[in-house]
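Each chain is listed here by its residues.
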Amino acid sequence: MECSKCNASIPRGEEREHNKEMLCEDCYIDVLSPAAFCDPWATYNAESFHKRNPETAVTDSQLKILSTLKESGGLDPDGLADRLTDHMSRQDGERECAALHRMGKISIESRNGSVFICIKQ
């Protein structure tokens, strides 16, 4: 069986059904747990954790995002996803960006009517 979303092969018995689609476990998790940028409680927790543990609060994936944004001066979501394709999936990148936004490390801005992600000054 193939995943309706990513076309990956799903071993028998491991498929997940969501809205009449058969999904692999990764796609099922992505559908049920999308990245959320506006979550005041998560923002509070991320900021307080970062203040107590500044050295361990950022993951390797988050460091890659931050270095990519620093090198480029900021990117739109598609540009960032394109530069990170060798390191993480788009969905993982969205989750990592949401966490970085909550920590106050990046900002999401509107430039010329488009979304733009950059290092927070």
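As the structure is a prediction and not an experimental result, all values here were calculated from the model. Per chain, residues are indexed from 1 in the order of the written sequence. Side-chain atom pairs in this predicted model are given and counted only at pLDDT of 80 or more, local residue features only at pLDDT of at least 70, and totals for whole chains, interfaces and linings cover all residues. For side-chain calculations, the full set of non-hydrogen atoms in the structure is used, while hydrogens and water are omitted.

Novice: Help me out: how do you make sense of the nonpolar core in this one?
Specialist: For soluble globular proteins, the rule of thumb is that nonpolar side chains tend to be buried together. In this description, a nonpolar core means a group of buried Ala, Val, Leu, Ile, Met, Phe, Trp, Tyr and Cys residues linked to one another through side-chain atoms lying within 4.5 Å. Summary of the burial criterion: residues with accessible area below 20% of their type's maximum are buried, those above 50% are exposed, and those between are partly exposed, where the area comes from a 1.4 Å probe applied to protein chains only. Membership of the largest hydrophobic core comes to 14 residues, with the highest contact counts inside it found for Ile65, Leu69, Leu80, Leu100 and Ile106. The set of elements that each furnish at least two residues to this core consists of helix H3 (60-72), helix H4 (77-84) and helix H5 (90-102). Counting residues in hydrophobic clusters, the runner-up holds 5 residues, among them Cys3, Ile10, Leu23 and Cys24. Comment: elements are numbered from the N terminus, with helices defined as DSSP H or I runs of at least four residues and strands as E runs of at least two.

Novice: Whenever I open this one, the side chain of Ser107 confuses me. Can you help?
Specialist: Tracing the backbone shows Ser107 in strand S3 (residues 106-111). With relative accessibility at 13%, the residue Ser107 sits in the buried group. N or O atoms within 3.5 Å of each other form a polar contact, as long as, within protein, one can give a hydrogen and the other can take it, and as long as residues adjacent in sequence are counted only when both atoms are side-chain atoms. A distance of 3.2 Å separates a polar atom in the side chain of Ser107 from a polar atom in the side chain of Glu109. In contact with Ser107, not counting residues within four places along its chain, are His101, Phe116, Ile117, Cys118, Ile119 and Lys120. Contacts are residue-level and defined by heavy atoms, with any inter-residue pair within 4.5 Å sufficient.

Novice: Whenever I open this one, the confidence of the model for the protein confuses me. Can you help?
Specialist: Detail in the predicted coordinates should be disregarded across regions flagged by low pLDDT. Per residue, pLDDT captures the predictor's confidence, and it can take any value from 0 to 100. Averaged over all residues, the pLDDT of the protein is 84; the fraction at 70 or higher stands at 83%. Mean pLDDT per element in the protein: helix H2 (residues 40-52) is the minimum at 67, and H4 is the maximum at 94.

Novice: Looking at this structure, how should I read the packing of H3 against H5?
Specialist: For any two helices packed against each other, the geometry is given by the interaxial angle and the distance between the axes. Relative to each other, H3 and H5 sit at 80°, their axes nearing to 10 Å. Taken together, H3 and H5 sit at an angle that is classed as roughly perpendicular. For the pair H3 and H5, the contacting residues are Ser61, Gln62, Ile65 and Leu66 in the first and Gly93, Glu96, Cys97, Ala99 and Leu100 in the second. Residues are grouped as follows: Ala, Val, Leu, Ile, Met, Phe, Trp, Tyr, Cys and Pro are nonpolar; Asp, Glu, Lys and Arg are charged; every other residue, Gly included, is polar. For the contact of H3 with H5, the class distribution of residues is 5 nonpolar, 3 polar and 1 charged. Where helices are involved, their axes are fitted lines through C-alpha atoms of the stretch in contact, as for all axes, and angles between N-to-C directions lie from 0 to 180°. When describing relative orientation, an angle under 35 degrees is termed roughly parallel and one over 145 degrees roughly antiparallel, while 65 to 115 degrees is termed roughly perpendicular and anything else oblique.

Novice: Can you help me understand the pattern of salt bridges in this one?
Specialist: Between side chains of opposite charge, pairing is possible as soon as their charged atoms come close. Think of a salt bridge as a Lys or Arg side-chain nitrogen and an Asp or Glu carboxyl oxygen that are within 4 Å of each other. On inspection of all chains with the given rule, the structure shows 4 salt bridges. Here Asp78 ties to Arg90 by a salt bridge, and the two come within 2.9 Å at their closest N and O atoms. With a gap of 12 residues between them, Asp78 in helix H4 and Arg90 in helix H5 connect regions that are remote in the sequence. When its relative accessible area of 46% is taken as the criterion, Asp78 is described as partly exposed. The salt bridge partner of Arg90 is Glu94, with a shortest N-O separation of 3.6 Å. On the criterion of helical spacing, the pair formed by Arg90 and Glu94 is a turn pair, its members being 4 residues apart in helix H5. Taking the relative accessible area as the measure of exposure, Arg90 reaches 38% and is therefore partly exposed. Judged by relative accessible area, which is 35%, Glu94 ranks as partly exposed.

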